[in-house]
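# Descriptive structure summary
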Amino acid sequence: METGIVIKSVGSRYKVLTGNDNIIDCVLRGRLREKEVQTTNPVAVGDNVTIDPGDDNNTGIITGILKRKNYILRKASNLSKQSQIIAANIDQLLLIATIILPATPVEFIDRFLVTAEAYRIPARIIFNKTDLYEEAELERMEYLISVYSQIGYICLRLSIEEGTGLEEVALMMKDRVSLISGNSGVGKTTLLNILNPRLNLKTAEISDYHKQGKHITTFPEMHSLPFGGFAIDTPGLRGFGVVDMERNEIYHFFPEIFKVSKDCRFYNCLHLDEPECAVRQAVEQGAIDPLRYRSYLSILNDENTKYR
Ligand SMILES: Nc1nc2c(ncn2[C@@H]2O[C@H](COP(=O)(O)OP(=O)(O)O)[C@@H](O)[C@H]2O)c(=O)[nH]1
Ligand SMILES: [Mg+2]
Ligand SMILES: [Zn+2]
């Protein structure tokens, strides 16, 4: 028996990376397939598994799944009650954002951060394409960086084009499992390719658009980094949405709002127009950024937000 980490899953076939850097094509032992009913996939990228390698050392059977530190989910489809595990055992969620080409909306950043908070996985923001920024864009980026770092989110500046900031990004990813997220076109694939030139992944995501249009489920893939650690690519995954939270729970996932909310007059204050709301006061006094408060309201009022 050996142990390994699942780096790819396609249908019912899994690629498992073992300790001696072998990649073994595996199937699941029948018993494991039936065990989990809530999720469409019992094994996901990032899972630590025990395997029974075949004699050829190229194929094997997954015999067990080790306890997960965490995992993130998405609905298998709009109609389905089942969820799909996107990835397991993630150390950090990295959001690649850009000020222009494309412009990443603040609300998109905040939805990502809320989801990260709900999963209790550390989140970091990487602002890419700084080589394209004129004064106004640089100012915008620095403003956002000051807002998010004050809350406690580490932010990095990056230009893959010029290579500036790459070392810091690599250092942040070293020896960790990072799930990379961000709108299409921000440079996720370009980053993976530059961190591991052996990958040679296709950029510009034409194939992903194609898949989305056809409603083909895409599974994320985990890439090992030459300096240690793994990066999980999430093609076709548009943010995570905000899943399964109570309406009066959303502000818990805005750390700076949650902190101030303890001074609201009513314990069940939603920070809308209740009297003596400490959160609204903090927004008026500039202690809570209005952009963040706006994102909070927007998530609260969004019909698509899935409540429990
Ligand atoms: N100017 C500039 N372009 C970049 C940078 N990083 C990526 N790009 C370009 O942005 C486009 C989209 O990149 P891609 O990696 O496919 O984005 P993805 O959709 O997030 O995977 C490609 O044409 C890249 O060459 C950067 O730092 N500066
Ligand atoms: Mg891509
Ligand atoms: Zn309040």
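Residues numbered from 1 in each chain as written. Chains lettered and ligands numbered in written order. Predicted model: local features only at pLDDT ≥ 70, side-chain atom pairs only at ≥ 80, totals over all residues.

## Some words on the sheet that holds strand β11 (residues 177-181)
Convention followed: In this analysis, strands are considered paired if DSSP registers two or more bridges between them. Put simply, DSSP marks the helices as runs of H or I at least four residues long and the strands as runs of E at least two long, and each gets a number from the N terminus on. All axes here are fitted lines through C-alpha atoms, helices being fitted over the stretch that makes contact, and every angle between N-to-C directions spans 0 to 180 degrees. Here contacts are defined at the residue level, using C-beta atoms placed from the backbone and a cut-off of 7 Å between them.
Taken in spatial order, the 6 strands of this open sheet run β10-β9-β8-β11-β13-β12, and their pairing is mixed. Each edge of the open sheet is held by one strand with a lone partner, namely β10 (155-157) and β12 (221-224). The average undirected angle you get between the axes of adjacent strands in this sheet is 25°. Of the strand pairs in this sheet, strand β8 (residues 92-97) and strand β9 (residues 123-127) are connected by 5 bridges, and their pairing is parallel. When the bridges of β9 are listed, Ile 96 appears paired with Ile 126. Each of β9, β10, β11 and β13 (230-233) touches helix α4 (residues 166-173); the most contacted strand, β10, lies at about 145° to it.

## Focus on the confidence of the model for the protein chain
Put simply, the rule reads: You can read pLDDT as the predictor saying how much it trusts each residue, on a scale of 0 to 100.
Considering every residue of the protein chain, the mean pLDDT works out to 88; 86% of them sit at 70 or more. A low-confidence stretch, residues 206-217 stays under pLDDT 50, and its non-local contacts, those more than four residues away or across chains, total 8 contacts.

## Quick notes on the site of ligand 1
The condition is simple: Put plainly, near means the residue's C-beta atom, positioned from the backbone, lies within 6 Å of the molecule or strand in question. When residues are grouped by polarity, Ala, Val, Leu, Ile, Met, Phe, Trp, Tyr, Cys and Pro land in nonpolar, Asp, Glu, Lys and Arg in charged, and all others, Gly among them, in polar.
Close to ligand 1 lie 18 residues, the nearest being Glu 161, Gly 187, Lys 188, Thr 189 and Thr 203. Looking at the shell around ligand 1 residue by residue, the classes come out as 4 nonpolar, 9 polar and 5 charged.

## Regarding the sheet that holds strand β2 (residues 13-18)
Spatial strand order, β1-β2-β3-β5-β4: 5 strands in a closed barrel with mixed pairing. Direction aside, neighbouring strands of the sheet carry axes that sit 55° apart on average. Direction of pairing for strand β1 (residues 2-10) relative to β2: antiparallel, over a ladder of 6 bridges. Bridge pairing links Ser 9 to Tyr 14 in β2.

## Some words on helix α3 (residues 135-151)
The following threshold applies: Between the first and last residue of a helix there are one fewer steps than residues, each counted as 1.5 Å, and that sum is the expected span. As a rule, residues whose C-beta atom has 12 or fewer other C-beta atoms within 10 Å are exposed, those with 20 or more are buried, and those in between are partly exposed; C-beta atoms are placed from the backbone. Starting at the helix axis, one direction is taken to each C-beta atom, and the arc is that of these directions.
Spanning 17 residues, α3 covers 25 Å between terminal C-alpha atoms, matching the ideal 24 Å at 1.5 Å per step. Every buried residue of α3 is accounted for by Met 141, Leu 144 and Tyr 148. Buried residues of α3 fall within an arc of 70° about the axis and therefore sit on the same side. Pointing more than 90 degrees away from the buried face of α3 are the exposed residues Glu 135, Ala 136, Glu 139, Tyr 143, Ser 146, Ser 149 and Gln 150. Immediately downstream of α3, the backbone of Gly 152 shows phi near 125°, a positive value.

## Digging into the pairing of β13
Both faces of β13 are covered, namely the face carrying Phe 230 and Ile 232 and the face carrying Ala 231 and Asp 233. Pairing geometry for β11 and β13, over 3 bridges, is parallel. Paired with Leu 179 across the two strands is Ile 232, which belongs to β13. Summarising the sheet, β12 and β13 pair through 4 bridges and their orientation is antiparallel. Looking at the pairing, His 223 lines up with Ala 231 of β13.

## Thoughts on the packing of helix α2 (residues 106-119) against helix α9 (residues 290-301)
Inclusion rule: For classification purposes, angles smaller than 35 degrees are called roughly parallel, those larger than 145 roughly antiparallel, those between 65 and 115 roughly perpendicular, and all remaining angles oblique.
The geometry of α2 relative to α9 is characterised by a closest axis approach of 9 Å and an angle of 70° between their N-to-C directions. Accordingly, the angle class assigned to the pair α2 and α9 is roughly perpendicular. For the pair α2 and α9, contact is made by Val 106, Glu 107, Asp 110, Arg 111 and Val 114 and by Leu 291, Arg 292, Ser 295, Ser 298 and Ile 299, respectively. For the contact of α2 with α9, the per-class residue count stands at 4 nonpolar, 2 polar and 4 charged.

## So, the environment of Phe 254
Secondary-structure assignment places Phe 254 in the loop between β13 and α7 (255-261). A residue is classified by how many C-beta atoms lie within 10 Å of it, and Phe 254, with 24 of them, is buried. Sequence separation between Phe 254 and Tyr 296 is 42 residues; the distance between their C-alpha atoms is 7.8 Å. Once residues within four sequence positions are removed from consideration, Phe 254 is found in contact with Val 114, Arg 292 and Tyr 296.

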